[in-house]
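Here are the chains, one letter per residue:
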Amino acid sequence: MLERLPSMIDGLVPAASTYARDIDGLFTLIFVSVGIWFVASQVIFFWLIFRFRKREGVPAQYIAGEQKSEKKWITYPHLAVLVFDVVIVVAAVRVWYDVKQALPEPQQTVRVIGQQWAWTFVHPGPDRILDTPDDIAKVNELHLEVDTLYHYKLESKDVLHSFSVPVFRLKQDAIPGRVITGWFTPTRTGEWDIQCAEICGIGHGLMGARIHIETPAQHAAWIQQQTGQSPTPIVAAARPQAREE
Amino acid sequence: MSARPIATTRETAGMPTGRLAVWWLIASEIVIFGGLLASYIMHRLAHDAWSEQAAHTSMPIGAFNTFVLLTSSYFAVLGHKAAEEGDGPRAARMLWLTFAGGAIFLLVKSYEWTMEISHGFTITASTFWSFYYTAAGLHASHVIAGIIVIAIVARSAAKNVDLHRVELVGIYWHFVDIVWIFLFPLLYIAK
Amino acid sequence: MAETVPSHGHEEAGHHEEGWVRKYLFSTDHKIIAMQYMFTGLFMGLIGGFFAYVFRMQLAFPGIEVPLFGVVSPNEYNALITNHGAIMIFWVAMPVLLAAFGNYLIPLMLGCDDMVFPRLNRLSYQVFLLSVVVLLISFFVPGGGFAGAWTMYPPLSSIGAYSLTPLGSTLFVLAVALEFVAFLMGGINFVTTAMNSRAPGMKMYDIPIVVWMIVIASILFMASVGPLIAGAIMLLFDQNLGTAFFDPQRGGDPVLWQHLFWFFGHPEVYVVLLPTLGIVAEIITVFARKKLFAYRTILYTVFATGVLSFTVWAHHQFVAGIDPRMAHVFTVTTLLISIPIAEMMFVYIATLYGGSITLNTPMLWALAFIAEFLIGGVTGIFLGASGEDIYMHDTYFVLAHFHYTFFPITIIGFYAGISYWFPKMFGRMMNDRLGKIHFWGTIIPFNLIFIPLFVLGLAGQHRRIYDFTNYPDLAAYQPVRVLATSALLVMLGFQVVFLYNFIASLIRGEKAPKNPWQANTLEWTADSPPPHGNWKELPTVYRGPYEYSVPGRKSDYWPQNEPA
Ligand code: HEA
Ligand code: HEA
Ligand code: CUA
Ligand SMILES: [Cu+2]
């Protein structure tokens with residue numbers, strides 16, 4: 001539903017994950033909901049200032065605002081705000097549930113390790129299984145295959161970092177001592193920024209990385225180039241992901 | 001103009017200003033201890049292993065100190081009563097007994113800590129011990145502050161000056177006492 | 001401590017000449033203490049503003065030698081923003097809005113001669129000053145000032161090997177903790193004074209809104225800061241004694257700090273909001289010649305806001321690794337808080353209805369507050385919506401959101417308050433024309449600084465990064481950054497107008513009468529400036545503070561102390 005609303009963010013950063021358009025749509029929804037109120041408040045506000053500017057011989061009125069008939073000007077709008085709140089909450093909670101709470105089965109898993117001040121991305125190698133000897137570890141380069149459901153396992157070696165991929169509209173803090181699992185599905189090929197979104201010391205500003213989203217053929221070629229072996233196709237390898245943690 | 005601002009002598013809320021202020025002081029202290037103890041409890045619930053650590057605390061010493069503090073609070077009550085009756089010297093004597101209670105508490109505490117530290121249970125031994133020393137230490141600093149104030153008030157009370165302050169230190173002392181009543185089971189008993 | 005207030009300590013002013021030092025540095029007079037807080041706060045404001053200038057220059061023109069500073073290294077950049085944020089909140093907003101206006105207005109508006117504990121009041125300022133000194137020293141210690149963001153998240157803040165500023169971190173936490181202690185003492189004084197020392201006849205609902213706001217803000221502060229004080233102690237121990245409260249490698253939990261910090265942090269934003277809302281209420285009623293619309297409703301909304309503010313803290317931690325199910329709860333509470341605040345805004349707007357509005361400098365500032373704060377408020381809704389915050393968190397959208405709340409609150413609120421009470425404080429009038437020039441010269445650039453930052457936030461630009469040209473996708477937006485910085489330079493330039501106006505008016509402004517604005521509240525019945533003790537005979541109150549334009553009366557105001 002939300003993804004069908006026009007996006008105000010797309011023009012600034014492309015949307016490249018399945019839920020990116022939901023988040024953009026949610027933005028539009030909130031923008032319109034609060035925008036109505038915002039514009040209405042400002043218009044009334046400036047109109048009142050103009051309409052009741054000081055004029056000779058026109059005294060101000062005495063209105064205490066304690067009567068029901070007067071207070072309704074406040075009470076009704078505030079009930080209406082409640083209705084808008086409910087709409088926003090429902091939409092927001094659904095998006096949140098989808099991105100952060102529900103965890104669909106992965107086809108591939110990557111490990112993301114933050115440390116002062118670089119990202120290490122461990123890709124499953126040609127066997128398509130993480131934590132095997134043929135894994136490909138890269139610094140500040142994440143290579144993904146488009147239209148594949150990935151899990152990421154996020155870790156930190158020292159302080160807090162935050163794994164932020166603007167094109168995915170995804171962000172998750174990395175906490176030393178924990179492995180945090182989340183998911184994404186890239187929907188669009190290309191190369192974009194990854195940023196660290198939690199201050200982590202002197203090099204925080206330099207802790208950027210690049211995400212490369214590739215077609216299956218490009219991705220297979222990359223794996224081939226890294227390891228000298230050609231990878232098994234993903235679908236076949238999707239199941240044996242049991243070895244976790 | 002009077003020596004004290006007129007503001008201080010007003011009682012719009014129907015309670016003497018000093019007492020009102022002590023209640024607010026206590027309220028703000030409650031949240032400090034509350035925050036610390038809540039953090040402790042969260043950790044404690046998450047780590048079963050802590051009960052082994054807690055087993056190394058000395059229950060008898062803790063219990064004895066609890067008894068000492070309660071007794072000293074009782075003297076504070078007697079002091080307040082004497083002050084109400086206008087008997088400054090007696091109020092002062094009672095406050096000195098309260099003072100003695102606080103001092104004994106601190107002495108016992110330092111003995112206890114010395115023993116524990118000599119057994120290797122220092123503040124860095126584990127997070128349990130960090131909480132143990134931080135919480136008990138924060139409380140002990142309140143005991144120290146409390147007995148200093150008690151001494152000051154006792155000295156003026158002996159001369160029948162400012163007897164209303166006897167009640168104020170009393171309230172504060174009860175608070176210090178109650179904090180300990182929370183700390184004791186949390187740190188010593190819940191094993 | 002409160003109970004040690006001495007019986008004969010209060011310095012006498014009337015009888016003998018006092019030395020300058022005694023009168024201005026060690027005074028127990030609430031008005032002098034208010035001035036001490038105000039000028040210290042403004043001094044810190046200049047530092048915080050200077051920092052903003054330095055790092056905005058770096059962002060717009062990476063690597064240049066910033067005039068008056070030099071080249072900004074990455075660590076210096078982090079230290080600058082960290083201390084900019086902390087200074088602006090803890091050493092500008094709080095002392096100026098809460099302590100300066102609170103100290104000045106509470107006794108004067110309640111019709112008493114001083115705070116109930118003048119010496120505690122003085123101690124509170126002295127501890128505050130100490131915290132300033134500790135903070136300033138921290139910039140110059142080996143390793144430099146703390147650079148781990150004003151939120152001080154461990155383990156970066158707790159372990160020197162990670163931050164590389166071991167001493168700076170400790171001094172920073174210590175300074176913040178001292179500042180809290182100062183405001184706890186001040187808060188106890190404010191609350192007790194307001195509860196116990198009102199003028200005869202002044203009932204609960206006769207108290208001016210600004211006093212209510214400051215008192216409720218103090219209570220909010222006292223109720224929320226405790227856990228963070230405990231947290232600060234734990235953090236100091238982690239830094240210096242080697243404990244591991246927040247160190248996950250040794251059994252601690254870094255997220256615990258975030259809970260302690262934000263449990264305080266969110267109420268804190270209302271702690272600074274409320275005083276300004278109060279100032280605005282006083283000003284719009286006077287210059288619209290209107291009774292405040294629905295006085296009691298305002299109080300209810302403030303109570304509701306206060307209570308709710310304790311339930312929303314984790315909206316700062318949506319993506320910080322909390323249980324994803326908790327996010328739902330905090331989304332609901334966060335969105336709920338929009339209701340009392342919206343209601344408050346509506347009440348203020350409704351107050352204008354039927355008024356007779358004069359647009360002089362204080363009124364312009366007060367109205368600008370409402371117009372600008374609405375932007376800050378509604379953008380908070382995007383962030384409170386959990387699903388949206390996944391993207392927005394830690395971007396410049398958040399940054400622009402809170403500058404659209406903080407700038408109106410702190411800077412606009414201060415200018416509103418000072419231009420309104422200047423005649424009372426200093427006995428002279430400020431120049432209205434210069435005031436208006438300064439107003440427009442501040443408001444227009446303000447919007448030009450921060451509207452672009454919303455756009456950058458939407459483009460995915462993250463906070464606390466010293467050079468965006470390192471990021472291929474973000475480098476293209478450099479002109480937008482230059483625009484924001486240029487607007488800042490213009491705004492800073494216009495502050496000179498204020499400074500000039502302030503000083504010139506102090507020296508040769510027109511002498512102010514007792515009640516230049518024809519206002520109702522009690523401070524306007526004292527001399528301008530009021531002497532030590534405020535009145536020869538303390539006033540008695542007969543009515544509420546907002547009886548403007550009462551039908552059937554010749555004059556359109558009705559001072560609270562005028563017998564019926
Ligand atoms: C005084 C300052 C102040 C104020 C008043 C507010 C007010 C609000 N703030 Fe803000 N906030 C900050 C200062 C402030 N904030 C700071 C400093 C940070 C960042 C800290 C850091 O990380 O460094 C922050 C960050 C912040 C976040 C975390 C973002 C992140 O890091 O990911 C969130 C999320 O929920 C949030 C929400 C809100 C909300 C919902 C309000 C509400 O109170 C706003 C309510 C007001 C309105 C809504 C406007 C009036 C209503 C209407 C016109 C009616 C129409 C409305 C609807 C239909 C809903 N704020
Ligand atoms: C009250 C709060 C407050 C105020 C007023 C401001 C004011 C400003 N802030 Fe700041 N800011 C914060 C609170 C505030 N800020 C916080 C909490 C952070 C986050 C820190 C962190 O990430 O840890 C932050 C971070 C922050 C950043 C992000 C840096 C980064 O993440 O990399 C930026 C970037 O542009 C910025 C810019 C500005 C600018 C241009 C102003 C301008 O508006 C400045 C204008 C200043 C003046 C006009 C001077 C002040 C004037 C007076 C006090 C009165 C006048 C007195 C006399 C003339 C005597 N601020
Ligand atoms: Cu890693 Cu910031
Ligand atoms: Cu908040």
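Up top is the structure these notes are about.
Bear in mind that the values here come from a model prediction, so they are computed numbers and not experimental data. Per-chain numbering applies: the sequence of each chain, read as written, is numbered from 1 onward. Here chains are named by letter from A upward and ligands by number from 1 upward, in the order in which they appear as written. A pLDDT threshold of at least 70 governs which residues receive local features in this predicted model, and a stricter bar of 80 or more applies before side-chain atom pairs are shown or counted, although totals over entire chains, interfaces and linings include all residues. As a convention, hydrogens and water are excluded, and side-chain values are obtained from all of the structure's heavy atoms.

Enquirer: Describe the overall build of chain A, with residues and values.
Expert: Helix and strand definitions here come from DSSP, where helices need a minimum of 4 consecutive H or I residues and strands a minimum of 2 consecutive E residues; each element is numbered from the N-terminal end. A tally of regular secondary structure across chain A gives 4 helices and 10 strands. Of the regular secondary structure in chain A, the N- to C-terminal order runs α-α-β-β-β-β-β-β-β-β-β-β-α-α. Along the three orthogonal principal directions, the C-alpha set of chain A runs to about 90 × 40 × 30 Å. Note on classification: 1.4 Å probe, protein chains only; a residue is buried when its accessible area is under 20% of the maximum for its type, exposed when over 50%, partly exposed between these limits. Sorting the 245 residues of chain A into buried and exposed places 56% on the buried side. For chain A, restricting intrachain contacts to residue pairs at least 6 apart in sequence, the fraction spanning at least 24 positions comes to 66%. Note on areas: Shrake-Rupley with a 1.4 Å probe; residue coverage comes only from the protein chains shown. Just so you have it, chain A exposes about 10,600 Å², and 62% of that area is on carbon and sulfur atoms. By definition in these notes, contact holds between two residues if any of their heavy atoms fall within 4.5 Å.

Enquirer: I'd like a rundown of the arrangement of the chains, residues and numbers included.
Expert: Contact analysis covers 2 pairs of chains in contact, and the most contacts occur between chains A and C. Between chain A and chain B there is no contact, and the shortest C-alpha to C-alpha distance separating them is 15 Å.

Enquirer: Can you explain the site of ligand 2? Please cite residues and give values.
Expert: Residues and elements named next belong to chain C. Think of it this way: one heavy atom of a residue within 4 Å of a molecule or strand is enough to make that residue near it. Near ligand 2 there are 32 residues, and of these R56, Y77, H84, H403 and R464 occur at the shortest range. Between ligand 2 and the protein, one listed contact pairs an oxygen atom with a side-chain N or O atom of Y77 at 2.4 Å. The method works on a 1 Å grid over the protein atoms by themselves. A cavity is a set of points holding a 1.4 Å probe that cannot get out, a pocket is an open set with protein on both sides within 12 Å along at least five of seven lines, and residues with an atom within 4 Å of a point line them. By definition, a pocket or cavity contains a molecule when more than half of the molecule's atoms lie within 2 Å of the pocket's grid points. Judged by the fraction of its atoms near the pocket grid, ligand 2 is located in the largest pocket. Elements with a minimum of two residues in the shell around ligand 2: α2 (30-60), α3 (74-110), α14 (396-426) and α17 (478-508). Looking at the shell around ligand 2, the element that brings in the most residues is α14, giving 9 residues. The class makeup of the residues in the shell around ligand 2 is 22 nonpolar, 7 polar and 3 charged. Polar contact is defined as a pair of N or O atoms within 3.5 Å, subject to the rule that within protein one atom must be able to donate a hydrogen and the other to accept it, and that residues adjacent in sequence are counted only when both atoms are side-chain atoms. Residues were grouped as follows: Ala, Val, Leu, Ile, Met, Phe, Trp, Tyr, Cys and Pro as nonpolar; Asp, Glu, Lys and Arg as charged; and all remaining residues, including Gly, as polar.

Enquirer: Could you give an account of the coordination of the copper ion (ligand 4), with specific residues and numbers?
Expert: Residues and elements named next belong to chain C. In this listing, donors mean N, O and S atoms no farther than 2.8 Å from the metal, or 3.2 Å for Na, K and Ca; water is missing from the atoms, so a site can look incomplete. Looking at the copper ion (ligand 4), one finds its protein donor set to be H266 (ND1), H315 (NE2) and H316 (NE2), positioned 1.8 to 2.1 Å from the metal centre. Separating the copper ion (ligand 4) from the iron atom of ligand 1 is a gap of 4.5 Å. Of the two residues, H266 sits in helix α8 (residues 254-288) while H316 sits in the loop between α9 (295-308) and α10 (324-336), which places them 50 residues apart along the sequence. Note on H266: relative accessible area 8%, which makes it buried. Look at H316 and you get partly exposed, because its relative accessible area is 23%.

Enquirer: Quick one: what's the story with the coordination of the iron atom of ligand 1, residue by residue and with numbers?
Expert: Ideal values for angles at a metal depend on the geometry: 109.5 degrees with four tetrahedral donors, 90 or 180 degrees with six octahedral donors. There is one protein donor for the iron atom of ligand 1, and it is H401(C) (NE2), at 2.2 Å. Within the secondary structure layout, H401(C) lies in helix α14.

Enquirer: Can you lay out the interface of chain C and chain A for me, pointing to particular residues and giving the numbers?
Expert: Between chain C and chain A, the contact holds 96 residues from the first and 82 residues from the second. By definition, the buried area sums, over both parts, the 1.4 Å-probe accessible area that each loses when the two are put together. Broken down residue by residue, the surface that chain C buries against chain A is led by F346(C), I390(C) and Y391(C), which jointly contribute 9%. When a carboxyl oxygen of Asp or Glu lies within 4 Å of a side-chain nitrogen of Lys or Arg, that pair is called a salt bridge. At the junction of chain C and chain A, the tally comes to 3 salt bridges. Between R178(A) and D253(C) there is a salt bridge, with its nearest N and O atoms 3.8 Å apart. At the surface where chain C touches chain A, the tally comes to 28 residue pairs in polar contact (both at pLDDT 80 or more). Ranked by residue count, the leading element in the side of chain C that touches chain A is helix α11 (residues 338-352) of chain C, at 9 residues.

Enquirer: Requested: an account of the sheet that holds strand β3 (residues 136-139) of chain A, with residues and values cited.
Expert: Consider a sheet: its strands pair through backbone hydrogen bonds, and that pairing is either parallel or antiparallel. Residues and elements named next belong to chain A. For two strands to pair, DSSP has to find at least two bridges joining them. The sheet built from 5 strands is open, its strands ordered β3-β2-β1-β5-β8 with mixed pairing. Of all the strands in the sheet, the pair left with one neighbour each is β3 and β8 (180-184). Going across the sheet, the axis of each strand differs from the next one's by a mean of 25°, ignoring polarity. Here strand β1 (residues 108-115) runs beside strand β2 (residues 118-123); their pairing, made up of 5 bridges, is antiparallel. Only the stretch in contact is used when a helix axis is fitted, and all axes are lines through C-alpha atoms; the angle between N-to-C directions ranges over 0 to 180 degrees.

Enquirer: Break down the layout of surface pockets for me, with residues and values.
Expert: Residues and elements named next belong to chain C. If you add up the space inside the largest pocket, you get close to 1,300 Å³. What lines the largest pocket is a set of 48 residues, among which G45, G49, H84, M88 and I411 lie closest to the centre. Listing elements by their share of the lining of the largest pocket, those giving two or more residues are α2, α3, α14, α15 (432-458) and α17. No other element matches the 12 residues that α2 contributes to the lining of the largest pocket. Residue composition of the lining of the largest pocket, grouped by class: 36 nonpolar, 9 polar and 3 charged. Grid points are joined across faces, edges and corners, and a volume is the space filled by probe spheres set on the points.

Enquirer: Please provide a residue-by-residue account of the site of ligand 1, values included.
Expert: By nearness alone, 35 residues border ligand 1, and Y270(C), D389(C), H393(C), H401(C) and R463(C) come closest of all. Of the chains in the model, those with residues near ligand 1 are chains A and C. At 3.2 Å, a side-chain N or O of H315(C) approaches an oxygen atom of ligand 1. At 2.6 Å from an oxygen atom of ligand 1 is found a side-chain nitrogen or oxygen belonging to D389(C).

Enquirer: Explain the sheet that holds strand β6 (residues 161-165) of chain A residue by residue, including any values.
Expert: Residues and elements named next belong to chain A. Reading across from one edge, β4-β10-β9-β6-β7 is the order of the 5 strands in this open sheet, with mixed pairing throughout. What marks the edges here is a single partner per strand, and that holds for β4 (141-145) and β7 (170-174). Sheet twist, expressed as the mean angle between neighbouring strand axes with direction ignored, is 20°. Note: β6 against β7, 5 bridges, orientation antiparallel. Of the residues in β7, the one forming a bridge with F163 is Q172. Those strands touched by helix α3 (residues 216-227) are β4 and β10 (209-214), and its axis lies near 135° from that of β4.

Enquirer: Can you explain the packing of α3(C) against helix α7 (residues 209-240) of chain C? Please cite residues and give values.
Expert: Residue and element names in this part refer to chain C. Interhelical geometry of α3 versus α7 gives an angle of 130° and a closest axis separation of 9 Å. On the basis of their axis angle, the class for α3 and α7 is oblique. Of the two elements, α3 crosses α7, and the hand of that crossing is left-handed. Here α3 contributes M94, L97, L98, F101, G102, L105, I106, M109 and L110 to the contact with α7, which in turn contributes V210, V211, I214, V215, A217, S218 and F221. Per-class residue counts for the contact of α3 with α7 are 14 nonpolar, 2 polar and no charged. Throughout, the term roughly parallel applies to angles under 35 degrees, roughly antiparallel to angles over 145, roughly perpendicular to angles from 65 to 115, and oblique to all others. Handedness of a helix crossing follows the sense of rotation of the near helix relative to the far helix, less than a right angle counterclockwise being left-handed and clockwise being right-handed.

Enquirer: Give me the nonpolar core: which residues, what numbers.
Expert: Of all hydrophobic cores here, the largest spans 337 residues; its most connected members are F163(A), W91(C) and Y348(C). It is α3(C) that contributes the most residues to this core, 24 residues altogether. Ignoring anything within four residues of it in the chain, the contact list for W91(C) reads G41(C), M44(C), A86(C), F128(C), S131(C), V132(C), L135(C), A175(C), V176(C) and E179(C). The definition of a nonpolar core used throughout is a set of buried Ala, Val, Leu, Ile, Met, Phe, Trp, Tyr and Cys residues joined through side-chain atoms within 4.5 Å.

Enquirer: I'd love a proper account of empty space enclosed by the protein, names of residues and values included.
Expert: Applying the stated criterion to the full structure yields 5 cavities of 30 Å³ or more. Of the volumes computed, that of the largest cavity is approximately 1,000 Å³. Around the largest cavity, the lining comprises 50 residues; the ones closest to its centre are G376(C), G377(C), G380(C), I381(C) and H401(C). Looking at the lining of the largest cavity, the elements with two or more residues in it are α1 (20-51) and α2 (68-101) of chain A together with α8, α11, α12 (361-384) and α14 of chain C. Take the lining of the largest cavity: its biggest share by element is 9 residues, from α12(C).

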